[in-house]
Amino acid sequence: MNLRKISVIIAREFSVRVKKKSFIIMTIVTPVLFAALMVVPGMIMLYSGDTGETRKIMVLDGSGKLSGVFEEGGSYTYIYENGMDAEYVKANFDSLGIYAMLEVSPADENGNVTAVTYSRKQLNSDFRSSLVRQMSSEFQKLKLEKYEVDNLPDIMRDASYRVPLVTVTLGEDGKEKVDMVEIYMVISYIAAFLIYMFVFMFGSMVMRGVIEEKSNRIIEVIISSVKPVELMLGKITGVALVALTQFFIWVVFAGLLIAGAKSYIGIDEVQSLLSSGGALHELQNLDLTAVQKTLMDNPDAMRVFEAVSGIDYWFIIISFVIYFVFGYLLYAAMFAAVGSAVDNEADTQQFMMPITIPLVLGLFIMMHTFNYPDSPLSFWASIIPFTSPMVMMARVPFGVPAWEYVLSIVLLVLTFFAVAYVSAKIYRVGILTYGRKPGWKDLLKWMKYR
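Structural notes, computed from the coordinates. Quick caveat, the model's predicted, so the values are computed rather than measured.

### Quick word on a nonpolar patch on the surface
Right, on to step 1. Among the surface-exposed residues, I24, I25, I28 and V29 lie close enough to one another that they form a single nonpolar patch of about 350 Å² accessible area.
Right, on to step 2. Assignment of secondary structure puts I24 in helix α2 (residues 21–47).

So, in structure tokens, the structure goes:
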């Protein structure tokens with residue numbers, strides 16, 4: 001095998017794809033899209049509720065206990081018409097100019113009621129939740145009054161207490177680390193999903209490149225100078241370098257954003273002040289920003305930052321690169337074999353099923369792994385090479401025993417070499433086969449050629 005020729009092919013594949021407008025656009029747009037995924041849902045929730053139109057809600061209160069209970073203002077105003085017939089209101093919704101009617105039954109001997117809303121359009125969940133919360137609060141207060149205990153509502157409110165739970169992981173060296181499983185779940189999802197997306201996207205890129213060169217008959221010219229196996233390995237490695245370049249740019253970009261945000265907010269300064277035992281009321285004379293003061297007065301927020309800062313990002317990034325590279329190589333070898341066997345992309349469907357099923361299966365098991373990173377299913381799926389790139393990356397943020405981590409990587413590398421050997425046999429025959437649609441029998445026959 002001529003390494004110089006392979007390096008030439010790698011350089012060609014890399015330079016051609018990096019110079020494409022699609023590569024430049026995706027490299028810039030993808031981080032923006034990920035940021036939008038974080039920000040846009042919150043913006044939608046913030047601005048989608050109030051339409052600027054005041055809607056009238058007619059309340060027919062059979063219990064006689066809800067007068068003035070509902071909060072006025074905002075998008076809704078309440079009209080109390082206890083003496084009006086419900087059937088008349090339902091028949092004259094439009095002429096009465098109301099958005100919805102709330103009918104509350106008389107209270108039974110236990111002080112319980114039932115409530116029904118009527119409206120032309122479906123009521124949104126926030127409004128329904130608000131109605132239930134306000135009615136439940138009022139009738140709970142009325143029930144408490146029957147016990148004739150002075151200040152009972154205040155006692156109940158004071159007695160209501162939620163214990164804050166801080167989770168700390170003890171390392172083998174005895175060092176303590178504050179954890180937040182929600183943060184690990186987010187990191188697991190992003191890392192595992194990126195593996196899935198990258199493997200499928202760049203593996204398909206290899207397959208389409210092989211089909212394009214084969215259909216243009218360029219492949220016949222190329223293999224006059226290099227062996228088919230060298231060409232396949234060169235194409236796969238070249239595309240891998242494109243993906244790693246894109247990922248490296250994203251990591252640098254994200255690192256700069258995080259460093260800039262920490263510097264602007266002054267997270268390190270706040271953590272230093274808190275670790276020294278400083279309290280907010282003792283530090284009023286310090287030149288702290290409003291954000292810093294808010295963080296110092298909010299232990300939960302500081303625990304989030306402490307948990308985030310305690311994550312071993314370098315280990316996660318290195319693990320991501322290892323599992324992406326070998327996971328991609330494993331699947332790209334199969335994609336290249338499929339691309340060499342057909343004349344156009346439409347003919348690939350019959351061969352894609354064995355490739356896509358493990359990928360999709362790994363994606364589904366990844367969802368289970370978020371909640372159960374040490375379950376038997378998560379363990380075996382992180383060891384089996386065809387699903388380990390996604391599932392192991394979902395386990396890494398939670399911590400994985402060293403022997404499992406090493407075993408998973410070794411099996412993944414060995415499986416790649418085995419699959420690449422078989423794919424190379426298909427590739428060297430398939431790229432020169434035209435005019436017929438091969439089946440599984442043909443692929444098996446090509447594997448046996450020497």
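Moving on from the model shown.
### With respect to the nonpolar core
Right, on to step 1. Counting residues in hydrophobic clusters, the biggest one holds 75 residues, and the most contacted among them are I236, F320, F324 and Y328.
Right, on to step 2. Listed by contribution, the elements that provide at least two residues to this core are α7 (181–215), α8 (218–222), α9 (228–265), α13 (313–341), α14 (349–371), α16 (388–395), α17 (402–430) and α18 (440–448).
Right, on to step 3. For I236, the residues in contact, after removing those within four places along its chain, are V206, Y328, L329, A332, A333 and A336.
Right, on to step 4. Counting residues in hydrophobic clusters, the runner-up holds 15 residues, among them F70, A100, L102 and M135.

### A word on the sheet that holds strand β2 (residues 76–80)
Right, on to step 1. As summarised here, the arrangement of the four strands in space is β2-β1-β3-β4, forming an open sheet in which the pairing is mixed. Whereas interior strands pair on both sides, the edge strands pair on one side only; in this sheet they are β2 and β4 (115–119). Ignoring which end each strand starts from, the neighbouring axes of this sheet average 20 degrees apart.
Right, on to step 2. Here five bridges tie strand β1 (residues 55–61) to strand β3 (residues 100–104), and the two strands are oriented parallel to one another. Bridging from a neighbouring strand, L60 pairs with E103 of β3.

### With respect to the side chain of R395
Right, on to step 1. With respect to the helices and strands, R395 occurs in helix α16.
Right, on to step 2. Classification of R395 by relative accessible area gives buried; the value is 2%.

### Details of the packing of α14 against α16
Right, on to step 1. Relative to each other, α14 and α16 sit at 15 degrees, their axes nearing to 8 Å. As the angle between them shows, α14 and α16 are arranged roughly parallel. Crossing hand, α14 versus α16: right-handed. Contact residues: α14 offers P358, L359, G362, L363, I365, M366, T369 and F370, while α16 offers M390, V391, A394 and R395.
Right, on to step 2. Grouping the constituent residues of the contact of α14 with α16 by class yields nine nonpolar, two polar and one charged.

Thresholds, definitions, all that
- Residues numbered from 1 in each chain as written.
- Predicted model: local features only at pLDDT ≥ 70, side-chain atom pairs only at ≥ 80, totals over all residues.
- Heavy atoms only, no water.
- Patch = residues over 30% accessible without salt bridge, like charges linked within 9 Å, V, L, I, M, F, W, Y side chains within 5 Å.
- Areas by Shrake-Rupley, 256 points an atom, 1.4 Å probe, with all protein chains shown as cover.
- Salt bridge = Lys/Arg side-chain N within 4 Å of Asp/Glu carboxyl O.
- Helix = DSSP H or I, 4+ residues; strand = E, 2+ residues; numbered from the N terminus.
- Core = buried A, V, L, I, M, F, W, Y, C linked by side-chain atoms within 4.5 Å.
- Buried < 20%, exposed > 50% of the residue type's maximum accessible area, 1.4 Å probe, protein only.
- Contact = heavy atoms within 4.5 Å.
- Pairing = 2+ DSSP bridges.
- Axes fitted to C-alpha atoms, helices over the stretch in contact; angles between N-to-C directions.
- Parallel < 35°, antiparallel > 145°, perpendicular 65-115°, else oblique.
- Left-handed = near helix turned anticlockwise from the far one by under 90°.
- Nonpolar A, V, L, I, M, F, W, Y, C, P; charged D, E, K, R; others polar.

Just geometry here; none of it tells us what the structure is for.
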